[in-house]
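Working through the structure, step by step
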Amino acid sequence: MNKFPLVEMIAFFSRYSQAQKPAWRKPYMKHMARIRSCHSKVDGGVRKSFFSVETKEGPIIELVFNEEELLWSLDPNSDMENYTVDRMLAFIQRHKHLPSRAHRIVPYRFEIIPKSQIQQEQSGIELPLVQRMQPYRFQSGKINSAQVLDIPTKHIENVMVTKQLHYVVETDVQRFFHLVYILDEMDWRMIQEVDEEFFFVR
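Residues numbered from 1 in each chain as written. Predicted model: local features only at pLDDT ≥ 70, side-chain atom pairs only at ≥ 80, totals over all residues. Heavy atoms only, no water.

For the rest of this paragraph, the subject is the overall build of the protein chain. If you tally the helices and strands in the protein chain, you get two helices and 12 strands. Counting from the amino terminus, the protein chain carries its helices and strands in the arrangement β-β-β-β-β-β-β-α-α-β-β-β-β-β. In terms of overall dimensions, the protein chain is globule-like: its C-alpha atoms have a radius of gyration of 17 Å, near the 17 Å expected for 202 residues. By its C-alpha atoms, the protein chain is 50 × 40 × 35 Å across when sized along the principal axes. Evaluated residue by residue, the protein chain yields a buried proportion of 50% over its 202 residues. Excluding contacts between residues fewer than 6 apart, the proportion of contacts in the protein chain whose partners are at least 24 apart in sequence is 56%. Carbon and sulfur atoms make up 48% of the accessible area of the protein chain, which amounts to about 10500 Å² in all. (Helix = DSSP H or I, 4+ residues; strand = E, 2+ residues; numbered from the N terminus. Rg over C-alpha atoms; globule rule 2.2 N^0.38 Å. Buried < 20%, exposed > 50% of the residue type's maximum accessible area, 1.4 Å probe, protein only. Contact = heavy atoms within 4.5 Å. Areas by Shrake-Rupley, 256 points an atom, 1.4 Å probe, with all protein chains shown as cover.)

As a further point, take the pattern of salt bridges. According to the stated counting rule, one finds 11 salt bridges in the structure shown. Between Arg 34 and Glu 54 there is a salt bridge, with its nearest N and O atoms 3.1 Å apart. Within this pair, whereas Arg 34 is found in strand β2 (residues 29-43), its partner Glu 54 is found in strand β3 (residues 46-55), the two being separated by 20 residues in sequence. Here Arg 34 falls in the partly exposed class, since its relative accessible area comes to 44%. Overall, Glu 54 belongs to the partly exposed group, its relative accessible area being 24%. (Salt bridge = Lys/Arg side-chain N within 4 Å of Asp/Glu carboxyl O.)

Counted by the stated rule, this structure contains nine aromatic pairs. With 5.6 Å between their ring centres and 80° between their planes, Phe 12 and Trp 24 make a pair best called edge-to-face. Taken together, the positions of Phe 12 in strand β1 (residues 6-14) and Trp 24 in the loop between β1 and β2 put the pair 12 residues apart, joining distant regions of the chain. With a centroid separation of 5.6 Å and 40° between ring planes, the pair formed by Tyr 167 and Trp 188 is classed as tilted. Within this pair, whereas Tyr 167 is found in strand β10 (residues 162-171), its partner Trp 188 is found in strand β12 (residues 187-194), the two being separated by 21 residues in sequence. Residue class for Trp 188 comes out buried when judged on its relative accessible area of 1%. (Phe/Tyr/Trp six-rings, centres within 6.5 Å; stacked < 30°, edge-to-face > 60°.)

Turning next to the pairing of β12. The element β12 is largely enclosed, with a buried count of six among its eight residues. The pairing of β1 with β12 spans two bridges and is antiparallel. In the sheet register, Val 7 faces β12, and the bridge partner there is Trp 188. (Pairing = 2+ DSSP bridges.)

This paragraph deals with the side chain of Ser 49. Here Ser 49 lies in strand β3. There is a polar contact of 2.9 Å between the side chain of Ser 49 and the side chain of Glu 67. (Polar contact = N/O pair within 3.5 Å; in protein donor to acceptor, adjacent residues only side chain to side chain.)

What follows concerns the nonpolar core. Formed by 47 residues in total, the largest nonpolar core has its most connected members in Leu 63, Trp 72, Met 133 and Phe 138. Look past the residues within four positions of Leu 63 in its chain and what remains in contact with it is Ser 49, Phe 50, Phe 51, Val 53, Trp 72, Ser 73, Leu 74, Val 85, Met 88, Pro 107 and Phe 110. (Core = buried A, V, L, I, M, F, W, Y, C linked by side-chain atoms within 4.5 Å.)

Further remarks concern the environment of Pro 135. Tracing the backbone through its elements, the reader meets Pro 135 in strand β8 (residues 133-139). With 39 residues separating them in the primary sequence, Pro 135 and Gln 174 have C-alpha atoms 16 Å apart. Not counting residues within four places of it along the chain, the set of residues in contact with Pro 135 comprises Met 9, Ile 10, Val 148, Ile 151, Tyr 167, Val 169, Leu 179 and Trp 188.

Moving on: the environment of Tyr 28. With respect to the element layout, Tyr 28 can be found in the loop between β1 and β2. In contact with Tyr 28, other than residues within four places in its own chain, are Phe 110, Glu 111, Ile 112, Ile 113, Pro 114 and Gln 117.

Unusually for a residue other than glycine, Met 160 sits at a positive phi of about 50°. Along the chain, Met 160 falls in the loop between β9 (146-159) and β10. You will see that Gln 174, though not glycine, has its phi angle at about 55°, which is positive.

Right, dumping it as structure tokens:
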């Protein structure tokens, strides 16, 4: 898999409510102003990244990213036990020479929603793994920047000790690409460009 080029990705995360494209409920939306601090550690056998985020709306939010489950949540030690994170737009860098894995992720925009609201609007059941994250915008050495308009197909593949999330995406210039996210490496890679004429799934 390492022979395929790394991709920088802006990804959209959903925990409870499925959304094909980033959609925001304004009463719950927060915008990152700056990251005050971040670090990664193994917590209970699970690799997690921790962020202290100053928002443009004022409050400082303590976020936790479960790298294995692709779930964003609030730090349980904070005073926001009645709230949760549902949707998140985050930048995942391809550059690995950083102080920690947490430094590879930049949370841009997210929703802090009351848990009671989740129970009223949704079933409260978390989405399947391959639906918890989806590509939104990406670039590589050969592609300056491409906006994802549609994801015709996606699936998950168990490979040895990790999982790979596969997506075929259609971009804003009507090109199709096969992208894969490697869970344990936290890497987005481009497998190939797909010829629309041979893409019978559409």
